[in-house]
Each structure stands twice: as structure tokens, then as C-alpha cells.
Amino acid sequence: VRSEHQLLQRWNDEQLRASDAELISGSVAQPECFATLFRRHAPGLQRYVVRRLGPAKADDVVAETFLQAFRHRQRYRVDEAPNARPWLYGIATNLISRERRAEVRQYRALARTGVDGELWQFTDEVDERVSAEASERVLAGSLASLPSKQREALLLVVWAELSYEETAQALHVPVGTVRSRISRARVRLRRDLEAAGTSESPDEEQLTTTDREER
Amino acid sequence: MVDEMQVLARMRSELPSDVLDTEHAERLFQTKLSDEQNGAGIARSRWRGVGAHPARRRYGVWALGGAAVLALALAVVSGLGGIGAPAASKAGRSPAGVRFSRALSAAGVLHAAAREAASISPIPEPAAHRWIYTSVVQVNDGHRSISDNWIRFDGIQSAYMQDGKLITHTVTYMRDGQPVVDNALAKPVPPGTNPLVVYNGMPMSSYVALASLKQPPAAVLNDVRRVVSRSHGTPSRPAAMSHALAVREFKFLAQLLWNASLVPTGAESDVFNALATLPGISVQQGQTDAVGQPAIAVGTTGANGKQLLFNPTSFRVLGIRSTTPPPQLCTPTTCGAGATTTTAGGTGTSPTLTAETRLNSTSLAYAKVALVPAPGDR
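Residues numbered from 1 in each chain as written. Chains lettered and ligands numbered in written order. Predicted model: local features only at pLDDT ≥ 70, side-chain atom pairs only at ≥ 80, totals over all residues. Heavy atoms only, no water.

### Considerations on the packing of helix α6 (residues 100-113) of chain A against helix α9 (residues 134-145) of chain A
Residues and elements named next belong to chain A. Here is the rule: Every angle, taken between N-to-C directions, lies between 0 and 180 degrees, and every axis is a line fitted to C-alpha atoms, over only the stretch in contact when it is a helix. Secondary structure counts use DSSP, requiring at least four H or I residues in a row for a helix and at least two E residues in a row for a strand, with both numbered from the N terminus. The scheme is simple: roughly parallel for angles under 35 degrees, roughly antiparallel for over 145, roughly perpendicular for 65 to 115, oblique for anything else. Handedness of a crossing follows from how the near helix is turned relative to the far one, being left-handed for an anticlockwise turn of less than a right angle and right-handed for a clockwise one. Note on definitions: a residue-residue contact is assigned when non-hydrogen atoms from the two residues lie within 4.5 Å. For this classification, Asp, Glu, Lys and Arg are treated as charged, while Ala, Val, Leu, Ile, Met, Phe, Trp, Tyr, Cys and Pro are nonpolar and the rest, including Gly, are polar.
It is the contact of α6 with α9, at a shortest axis distance of 8 Å, that shows an interaxial angle of 150 degrees. The pairing of α6 with α9 is recorded here as roughly antiparallel in orientation. Two packed elements cross with a definite hand, and for α6 against α9 that hand is left-handed. Contact residues: α6 offers Val104, Tyr107, Arg108, Leu110, Ala111, Arg112 and Thr113, while α9 offers Arg137, Ala140, Gly141, Leu143 and Ala144. Looking at the contact of α6 with α9 residue by residue, the class counts come to seven nonpolar, two polar and three charged.

### Comments concerning the sheet that holds strand β10 (residues 317-324) of chain B
Residues and elements named next belong to chain B. How we decide: In this description, strands pair whenever DSSP reports at least two bridges between them.
Strand order across the open sheet formed by nine strands is β4-β3-β2-β1-β11-β10-β9-β8-β7, with antiparallel pairing between neighbours. Here the strands that pair on one side only, and so sit at the sheet edges, are β4 (165-170) and β7 (282-288). Shown here is a sheet whose adjacent strand axes are inclined to one another by a mean of 30 degrees, direction ignored. As defined by bridge partners, strand β3 (residues 157-162) adjoins β4 across six bridges and the pair is classed as antiparallel. Paired with serine 158 across the bridge in β4 is histidine 169. Where helix α6 (residues 106-118) meets the sheet, its contacts fall on β7, β8 (294-300) and β9 (306-310), and the angle it forms with β8 comes to roughly 115 degrees.

### Looking at α6(A)
Note the following rule: Take the residue count of a helix, subtract one, and multiply by 1.5 Å to get its expected span. Categorising residues by exposure relies on relative accessible area from a 1.4 Å probe, with only protein chains included: less than 20% of the type maximum marks a residue as buried, more than 50% marks it as exposed, and the intermediate range marks it as partly exposed.
With 14 residues, α6(A) should cover 20 Å at 1.5 Å per step; its first-to-last C-alpha distance of 20 Å lies within 8% of that length. Buried residues of α6(A): Ala102(A), Glu103(A), Val104(A), Gln106(A), Tyr107(A) and Leu110(A), and no others.

### Considerations on the confidence of the model for chain B
All names here are of chain B. Heads up, the condition is: Every residue gets a pLDDT, meaning the predictor's confidence in that residue, from 0 to 100.
Of all residues in chain B, 67% attain a pLDDT of 70 or more, and the chain-wide mean is 70. Mean pLDDT across the secondary structure elements of chain B bottoms out at helix α3 (residues 41-47), with 25, and peaks at β9, with 93. Here residues 39-96 scores under 50 on pLDDT; set against residues more than four positions off or in separate chains, the count is 138 contacts. Our summary of model confidence lists the complex with pTM equal to 0.47 and ipTM equal to 0.82.

### Concerning the pattern of salt bridges
To be explicit about the condition: Definition used for salt bridges: Asp or Glu carboxyl oxygen within 4 Å of a side-chain nitrogen of Lys or Arg.
Evaluation of the coordinates by the stated rule reveals 13 salt bridges over all chains. Between Arg188(A) and Asp192(A) there is a salt bridge, with its nearest N and O atoms 3.5 Å apart. Of this pair, Arg188(A) and Asp192(A) both sit in helix α12 (residues 175-196), four residues apart, which is roughly one turn of that helix. You can call Arg188(A) partly exposed: its relative accessible area is 25%. Exposure remark for Asp192(A): the relative accessible area of 18% places this residue in the buried category. Across the pair Glu249(B) and Arg225(B) runs a salt bridge whose closest N-O atoms are separated by 2.5 Å. Residue Glu249(B) is found in helix α9 (residues 238-259), and its partner Arg225(B) is found in helix α8 (residues 217-232); the two are separated by 24 residues along the sequence. A residue is classified by how much of its surface remains accessible, and Arg225(B), at 32% relative accessible area, is partly exposed.

Right under this line is the structure:
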């Protein structure tokens, strides 16, 4: 029993140390490797999808993302992409785009009422969210009115915390395209915030990683 | 001083932990994968479709799963206590199956079962005179049998097949030397009476008792505790009280669910959530239900144990299983109403039970439940 346990332990340790690419290539012959990939990336992906669509649809989108990934794992370019995040978030982005109307409706509701009803309806925190920052309400309105391609790029960078290069991989576009989409989106957001009187010019110290990267 | 990127990063950043739990997504992934690999997806959705008979739709919960559920078993963790291993891939599973290593807790299984139960379409309460048909699969110490049963919702009449003939039985009591139909069974619970106290095991009584449960788990258990304490008394040793009560509460609620051929909206989910809060409830993976499907057993083990069986992938409830000491070892203590659950070989209530004692096991599953016009109809 002990030796079997040790064998299992060693196998689990190896799984945890393996890169995404190793897990994906290994899963072709040994499908259970994919479970480790799920465990590694599902929490972050779930968080991202919840932020975009709310919890009601998140489970299904996350499950479908991994199903599609599993289905196409043999086509994953192991040598070029050791990190699977862009691949997974790209799949998820396509799935989320099918729910575009629902997503935009949520942003509009948040902008109008200050309550993130779709997201928080199952919690006791609605009252707290009523006093959500005015700036967040403004941005919700902005997100609703952004072209979907700009919104996708922007949220992959800010909410999924992908780099510009990773976002480009996820969306299958050149990195320059990502830069321009985000730049245009930021202009729109900034303009809306300024129009609502809820934004001031950022200090140099407060520039985000994204700002520096873009410059 | 804020900028648009900072505001955006903060937006929806504080999320409740429960919406970030990936357990349900994981199960969904496994289910989708199994369905896809076995072509069972269409059958599943059709089976749960709008056109299905209400009782059948509801009682997919207890029903034989057929190809769809068998397909789900391909991704099941079995036999190794939830530890994933390369060796398992040689054990005859689907070559493309993805196995998730997770040591399941009883509470985790029950919460998952509660979520699954909550997703099932509700059905309205039938009239007292409606007949319910049940096909029950029973395995008693390895011997499997299937029986067809009919019972009126109020329980006044029941029927079964014997030698190809339908035998009908009516509940009566004697008055002035004459049998009188016990119509009291069809009467509603009087105002001010706790339905759990007058619960008699018939479908309608069980339905009403389940409907009376209040929603928070603590409230459910509070109601049940009053009933089980009344019927079984309270253990004298305070240390044993918590566990003994938990065992009784589990057994009471599990049996109530089984007896209620039809379950009110949300009740099953509420019961599972309540059971998840009980201490000392164990989980056993790698089990099979009465039909032979893979199952996870959650409940109390040992003599007089009672377990609910769940599909290990979808976490739908499959059936119920009871264990009792062999007849020659039955005493009022070990087999009677007041018997507490003991583990064979443990510090049990009876010195006659040892680790070698072979317990009798009875496993039950509903193969089909349906509202029908008359006894004999299926």
C-alpha cells in the first residue's frame, strides 16, 4: 500500500511541476493529465467569466472551454506556447461572445441602477453594491457601448491579466492590433469618466503595468 | 486620484467565494466529455425534456439511467479513495476519459447533490386519489429483484402483482366488528400540528412533511431533531449525543426522501444541504447501486447504517442502502427502533458484533416512478 501511495504521490508531484505544454502533449496519450491543467487554470478562468457574464453562466462557459480545449489538444502548438492561458482565454472569449447581449445588458443595468443585479442577486451584499462607485457605473456604461472587439481586448488585459502579447495570441491578431484596440477603448472610457466628472489625470506613480507596457 | 484602468480593474473584483468555486464546472466538464464520447448527450436532454411526464421528469433522480448515466461512469473515480494514478488508466476506462483526483467529503457530495436536485423541474402536488406506480429494484445480500408497486398518493390503497394477478389492498380499521376504510389518511394535517410528528410513511404524508421543512439547514435539522429525540430518546452521555442525534437525523431524512415517491419543489435540495451540516457522516467511493451503476455512498455505516447513493459524476441521487446485523444477532439494542449505529468491531452497543460480523445489506432504487390512471397501469 505504501509503495502504491508513494507512486501516486510522485505522479501527482510530477503533474504539478509540469508545464502547460507538457500537460497538454501528455494528455494525448494520458488524458488524466488534462485534469491537472483544469485545476491549474479553471479558478482564474472562472473568475474572469464571472466578471464578464455573472455566475449563472460561468460554470457552463468554463466547462465548455475545457471541453473544446480537450477536443483540440492535439493541435496545440506545444513548442510555441508553453503557457496555455492565451489558448484557454481565447476559447472562452469566443464562447463569451455568444452571450454578448446578456453581457451588455448587465453593464447597462449596472450603469443605470448602480446595482450589479446579475452578479450579486444571490448574495446579501446588494445594499453595499447600491453605493458602488460612481466611476464604476460610468465605466459599466462605457463597456456596454464599446465595440465588442475593443471590449474583449481591454478585459483580457485588465480582468484576465494577460499581457498584450498573450492577448494577441488569444484573439489571433497582431499585437499592434491589440494595442490600438485597447488604446481606443481607453480613450472612450477616459472621456466618459471625465464627462461624468469622476476622473482626474493619473499620477506617474499610479500608472498600471498596462500603462507602462503600452508606452 | 484614479484612472480608467484602475477603476476598471477594481470593478467586479470582489466576488463572493461561492461563485468562484470550480467544482460544478469540473463536474460539468466531465459530464459533457462523457456524453460526447458516448453519444449520450441527445438522449439525456430528450429524457429531461419538456414533453416528459412530470413524474418521470422528476424521478429521473431515482431512475435507471440507461446509456447516458452508464456513460458518465467512464470518468468515475473508483477504488483508490479519490487519488488519481497513472495505473488507473489501465483499468479499463475510456481511453479518452479524464479522471479528476479529489478526496470527496460527505458534505461536498451532499452540497453537489443539492445543487443538482435544485436544477430539476418541480411538479405540482397530485390529488390524494391519484395512483403512483413505482418499479423498485432491490438487492438483498447480492440477490437482485424487481417489483411493480402501485399506491394511492394518500396511501389508502396499494396494489402489487402476484402470479400475474393484481392484488389490491385497502387500509382499514375495525369499528363495531366491521372493517372501515381509514379515510383519515386522506385528510390534511390539522392546523397547529407538526407534519413531521404525524408523518406515517405514505407518499402524501411524506410529501407534506417535506414541504413543511423550513429552508435554512439549521431549521430543517431543528424540526427533525425534535421528532427523533421524541421517538428515540436522548442519549445519556453528552459526548455521544451529537453523533447519535446526527445519525438519527440522517436516517430519518434519508428514509423520508425515499418514502416520498414525489417530492415538493426544493425539498430534496434543502434536505441534502441540511444533511451536509451533520457531523460524523461518511462517504464511500467505488460503490454500486441496486441497479449496478457506479455510486458514491454517503451516510452512516456499520450495523443499522443507512446511506444515500449518488451518481459519482452528476451527483444525482440513485437510491438508498441499509445495513443490519444478521438475524441471529438481532437484539432490541442492535436492530430495534432505538438502536444506534455502530461500526462492526468498534465500541458498539452489542458485544456480539465483531469485525468479522457480516452485515446484511439491502439496496433500493426506483427504476421508474409515474403517476398513472389506475393500478396495473405503468
